[in-house]
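Descriptive analysis of the structure
Here is what each chain is made of, one letter per residue.
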Amino acid sequence: MAGVKRRDFLLQSAALLVAPLASGAPRAPLAPAARSAPHTSRLILLGTAGGPTPKTTRSGPSQIIVIGSRGYVIDCGDGVARQMMLAGVFGTLRHIFITHHHSDHNADYGNLLLLEWGTHLTTTVDTWGPPPLARMTKLFFEMNEPDLKVREKDEGRLPLKPLVHPHELHRGGSVMKDDLVTVTCAVVDHPLVPLAFAYRFDCPDRSIVFSGDTHRSENLIALAKGADVLVHESLYPPAVPAAEGSALFTHIVNSHTPVEEVGRIASEAGVKTLVLSHFVPSGNPVVTDEQWLAAARTHFSGNIVVGHDLLEI
Ligand SMILES: [Zn+2]
Ligand SMILES: [Zn+2]
């Protein structure tokens, strides 16, 4: 099913429970000219697990919006470059937005830059996120200097460092604007992380909001007001993967949003489609798609998508 048609199908369904896009062999990367129509946004869930432990069922949290041949990556969980390759969008990288500095969201931030560059990157990439993004970027280049130097000489590549421009965000508000999208952010509630952001992308054809990791956040609800799509993290309280009373248990319940509450947030924000992602737990113990859907449905009557890796919306 082609991307646009698939999305129409999804948006027309009343209660959605859908399979990943990659139902068979992975798609080969597309030539830029062959990608989506100039003003049609593609939203692909690259990784939908929550938490730092690698999972067998889902990749680390990451999403990409692709408009034309331009890719906007939101978070860089473990394996993001390979997930982009599987989705056929490797090579579109133009911007990276990091919601917060937990390793499930930034573990492959530098690696994505390095691997895109080692393949074909010759143009600017702007990166956005909370401090110390600039220092992390600088240190990543230092750490990988042996590879960078050899490839520059051996393969005739342009130096990577001048291509990458990190921008640190300190508060909610305007992030960036180009001829295709306007990006705004809001500070969300994710203790003990000092600064965590949600992002809103107003694209030519629709608005898409990413919660990042957060407890229920009034700032997020304001940011997501009237959005077409809200991608929200999801916690299933009866199956918290930690011993009750442990530090990890306390972190999980204080820093994330129960999926029933996610439905209420979607309802209060008045979004059209709620996409569940960043699942905690992600496979152990198992929570079925039907259970996620039923819990989110308690307080939200709009479209609900239970996210899976490589699902395009
Ligand atoms: Zn997370
Ligand atoms: Zn987090």
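To start, this report covers the structure provided alongside it. This structure is a prediction, so every number in the text was calculated from the model and none was measured.

Let's talk about the coordination of the zinc ion (ligand 2)
Here the zinc ion (ligand 2) is held by His100 (NE2), His102 (ND1), His190 (NE2) and Asp213 (OD), and the distances to it run 2.1 to 2.4 Å. Because the angles between the 4 donor atoms bound to the zinc ion (ligand 2) fall within 92 to 160 degrees, the donor set is best described as irregular. For the zinc ion (ligand 2), the single-chain donor residues occur in sequence as H-x1-H-x87-H-x22-D. Separating the zinc ion (ligand 2) from the zinc ion (ligand 1) is a gap of 3.5 Å, bridged by Asp213, which donates to each.

Observations regarding the coordination of the zinc ion (ligand 1)
The zinc ion (ligand 1) binds to the protein through Asp104 (OD), His105 (NE2), Asp213 (OD) and His278 (NE2); the donor distances cover 2.1 to 2.2 Å. If you look at the zinc ion (ligand 1), its 4 donor atoms make angles of 89 to 162 degrees with each other, and the shape they trace is irregular. Expressed as a motif, the donor residue spacing for the zinc ion (ligand 1) is D-H-x107-D-x64-H.

Digging into unusual backbone geometry
Cis geometry marks the peptide bond from Pro191 to Leu192, where omega comes out at 0 degrees. Assignment of secondary structure puts Leu192 in the loop between strand S8 (182-188) and strand S9 (196-202). In this model, Val280 is joined to Pro281 through a cis peptide bond whose omega is 0 degrees. Structurally, Pro281 can be placed in the loop between strand S12 (273-280) and helix H10 (289-297).

Thoughts on the packing of helix H5 (residues 133-143) against helix H6 (residues 145-155)
Two elements in contact, H5 and H6, have axes separated by 5 Å at closest approach and are oriented at 65 degrees. Taken together, the axes of H5 and H6 lie roughly perpendicular to each other. The segment H5 lies against H6, with Phe141, Glu142 and Met143 engaging Glu145, Pro146 and Leu148.

Considering the pairing of S9
Each regular strand displays side chains that alternate between the two surfaces of the sheet. S9 sits mainly inside the fold: 6 of its 7 residues count as buried. In terms of strand pairing, S8 meets S9 through 7 bridges, oriented antiparallel. Looking at S9, one finds that Val188 is bridged to Ala196. Looking at chain direction, S9 and strand S10 (residues 207-210) are connected through 4 bridges and run antiparallel. Note that in S10 the partner of Arg200 across the bridge is Val209.

Details of the sheet that holds strand S3 (residues 70-74)
Within the open sheet, the 6 strands sit side by side as S1-S2-S3-S4-S5-S6. Their pairing is mixed. Unpaired on one side and paired on the other, strand S1 (41-47) and strand S6 (164-168) mark the two borders of the sheet. Between one strand axis and the next, the sheet turns by 20 degrees as a mean value, whatever way the strands run. Looking at chain direction, S3 and strand S4 (residues 93-97) are connected through 4 bridges and run parallel. Residue pairing in the sheet places Gly71 in a bridge with Leu93 of S4. Sheet strands touched by helix H4 (residues 109-119): S3, S4, strand S5 (125-129) and S6. Its angle to S4, the strand with the most contacts, is close to 175 degrees.

Digging into the packing of aromatic side chains
For any two aromatic rings, the description comes down to two numbers: the centre-to-centre distance and the angle of the planes. Evaluation of the coordinates by the stated rule reveals 9 aromatic pairs. Aromatic side chains Phe97 and Trp128 sit 6.2 Å apart centroid to centroid with 10 degrees between the ring planes, which places their arrangement in the stacked category. With Phe97 in strand S4 and Trp128 in strand S5, this pair connects stretches of sequence that are 31 residues apart. The two residues Phe97 and Trp128 agree in class, both being buried.

Section: the packing of H4 against H5
Close contact between H4 and H5 brings their axes to 10 Å; oriented N to C, the two are set at 50 degrees. Judged by the angle between their axes, H4 and H5 are oblique. Once H4 is placed against H5, the crossing between them reads as right-handed. Contacts from Tyr109, Gly110, Asn111 and Leu114 in H4 reach Leu133, Thr137 and Phe140 in H5. Grouping the amino acids of the contact of H4 with H5 by side-chain chemistry returns 4 nonpolar, 3 polar and no charged.

Thoughts on the sheet that holds S12
For sheets, the rule is that strands pair by backbone hydrogen bonds, running either parallel or antiparallel. Spatially, 7 strands are ordered S7-S8-S9-S10-S11-S12-S13 in an open sheet, and the strand pairing comes out mixed. What marks the edges here is a single partner per strand, and that holds for strand S7 (173-177) and strand S13 (303-306). Across the sheet, the axes of successive neighbouring strands diverge by a mean angle of 25 degrees, strand direction being ignored. Across the sheet, helix H9 (residues 259-269) touches strand S11 (229-235) and S12, and the angle it forms with S11 is around 160 degrees.

The rules behind the values
- Residues numbered from 1 in each chain as written.
- Chains lettered and ligands numbered in written order.
- Predicted model: local features only at pLDDT ≥ 70, side-chain atom pairs only at ≥ 80, totals over all residues.
- Heavy atoms only, no water.
- Donors = N, O, S within 2.8 Å, 3.2 Å for Na, K, Ca; no water.
- Tetrahedral: all angles 85-135°; square planar, octahedral: opposite > 155°, others 65-115°.
- Helix = DSSP H or I, 4+ residues; strand = E, 2+ residues; numbered from the N terminus.
- Axes fitted to C-alpha atoms, helices over the stretch in contact; angles between N-to-C directions.
- Parallel < 35°, antiparallel > 145°, perpendicular 65-115°, else oblique.
- Contact = heavy atoms within 4.5 Å.
- Buried < 20%, exposed > 50% of the residue type's maximum accessible area, 1.4 Å probe, protein only.
- Pairing = 2+ DSSP bridges.
- Phe/Tyr/Trp six-rings, centres within 6.5 Å; stacked < 30°, edge-to-face > 60°.
- Left-handed = near helix turned anticlockwise from the far one by under 90°.
- Nonpolar A, V, L, I, M, F, W, Y, C, P; charged D, E, K, R; others polar.

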